[in-house]
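Overview (structure and organization)
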Amino acid sequence: MARPITHFIEYGGITLPGLVHNEASVRYAHQVFQVRDSDVFNLTYPKSGTTWMQEILTLIHNNGDPTQSQSVPSWERVPWIEQKTAAEFLENRPSPRLISSHLPLSLFPESFFTSQAKVIYTVRDPRDVCVSLYYYAKMSSFLEYRENFGEFIELFTAGKILFGSWFDHVKAWLTYKDQTNFLLLTYDELLKDLRGSVLHICQFLEKDLDASAVNSVVENASFEMMKGNKMVNYSLISEDIMNHKISPFLRKGISGDWKNHFTLEQSDAFRQLYQEKMKDVGIKFPWDELQSEIHQEFGEGNDNAAFPLS
Ligand code: PPS
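A brief report on the enclosed structure follows. Being a predicted model, the structure only gives us computed values, none of them experimental. (Residues numbered from 1 in each chain as written. Predicted model: local features only at pLDDT ≥ 70, side-chain atom pairs only at ≥ 80, totals over all residues. Heavy atoms only, no water.)

**Section: the sheet that holds strand β3 (residues 40-44)**
Spatial ordering of the open sheet is given by β4-β3-β5-β6, a layout of four strands whose pairing is parallel. Strand pairing shows two members of the sheet lacking a second neighbour, β4 (98-101) and β6 (182-186), which therefore form its edges. In this sheet, adjacent strand axes meet at a mean angle of 20 degrees when their direction is disregarded. Two elements, β3 and β4, share four bridges in a ladder whose sense is parallel. Counterpart to Leu43 in the pairing with β4 is Ser101. Each of β3, β4, β5 (118-123) and β6 touches helix α2 (residues 50-61); the most contacted strand, β3, lies at about 165 degrees to it. Relative to the sheet, helix α7 (residues 166-174) contacts β3, β5 and β6, its axis offset from that of β5 by approximately 140 degrees. (Pairing = 2+ DSSP bridges. Helix = DSSP H or I, 4+ residues; strand = E, 2+ residues; numbered from the N terminus. Axes fitted to C-alpha atoms, helices over the stretch in contact; angles between N-to-C directions. Contact = heavy atoms within 4.5 Å.)

**Brief notes about the packing of α2 against helix α9 (residues 194-205)**
Between α2 and α9, the least distance of the axes is 11 Å, while the angle of their chain directions is 60 degrees. Taken together, α2 and α9 sit at an angle that is classed as oblique. The handedness of the crossing between α2 and α9 is right-handed. The segment α2 lies against α9, with Trp52, Met53, Ile56, Leu57 and Ile60 engaging Leu194, Val198, Ile201, Cys202 and Leu205. Of the residues belonging to the contact of α2 with α9, the class tally is 10 nonpolar, no polar and no charged. (Parallel < 35°, antiparallel > 145°, perpendicular 65-115°, else oblique. Left-handed = near helix turned anticlockwise from the far one by under 90°. Nonpolar A, V, L, I, M, F, W, Y, C, P; charged D, E, K, R; others polar.)

Quick look at the structure:
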C-alpha cells in the first residue's frame, strides 16, 4: 500500500511533521508561550523515553493514583508545547503544569530562560533512537521513512529527520547540565532502576511520596502496564495515521536493540561520527563504553550484525 503524502514544516532550521505542527504552533512555543516557575518540562529528542516520562510524571503528580493515567490520553496530560493543541491544553491549566517538548534549545520558549521552571532531559543511546525511529517511521504515515535501514541511518546521522540532528539537540541541551533546575537522565537508568529513578525525580521535583505511592508509580509505568493502557499506547489514534500491526508504538522497550540492526561497518561509522561530534561534551554515557567494546570484539570487515542476535 502506498504511503500517504507526508507533509513537513520547516522552522528555525529543523523539520517537523505537519500533522500536528505548523509554523504558528512552533512560533507560539518559542516566542509567545509564558512559562511559569512551577512548570515541569519533559524534554527529549524523539524516541528517547518521552512517553515513559509522561507516564512517570503524571503518576508522581497524582501521588501514585493511576486514575488519570488510565482515563486521559498522555498527549493531553503532558502535552507538547510545540504542537497545534498546546494553547488549548495549557493556557488555563492550573499549576503545576506537566509539559512535553522535543524542541532544541534554540527554539525553547524564550520565557523559560528567566524562569525557575524545571526540565527533565532524558537521553537515549542514539543507535537505539535510530532503530526506534525507523519502526516508528514505518508504522506511521507522517514521517520520512526508508525501507533500507542503511539509508535510514544516513537520514538520521545527517539530521534530515524530525527535530533535526540528535547530536545538535543533545549537545546544546547538555550545556544546561549543571543548572539546578535541570535533571539529566538516561533511558538506560530508567530501565535499570526505575524505582531509583522515580525517587530521584521526586527529589528533584520536591515531591514527597510514601512507599506505596512510589510502588504504584513503578508498577503503572512499567512497559507491560503501559503497553496495555490505551491512554498511552497510541491505539486511540486511527490506523491510517499509526498502524500498530506494522509495528506497535510501544515496541520492545529495551536498550541495545541496535545490535540487531546495525552491521559492523555501520556501527563503526556511527562510532567514529559519535566520537567526533561528542568529543567536547565532557560527560560519559552508559553507551560510550559499548562503542569501544564492539571495536575490540569484532574485527573490521565483518558485515554481520555487530553482536550475535541471541
Ligand atoms: S516519541 O514518539 O518521541 O514520543 O517516542 P518516545 O516515547 O520518546 O519513545 C518511544 C520509545 O520508548 C519506549 N518506551 C518504554 N521503554 C521501556 N519501558 C517503558 N515503560 C517505555 N515506554 C515507552 C518505547 O517502547 C519506544 O522504544 P522502542 O525501542 O521503539 O521500543
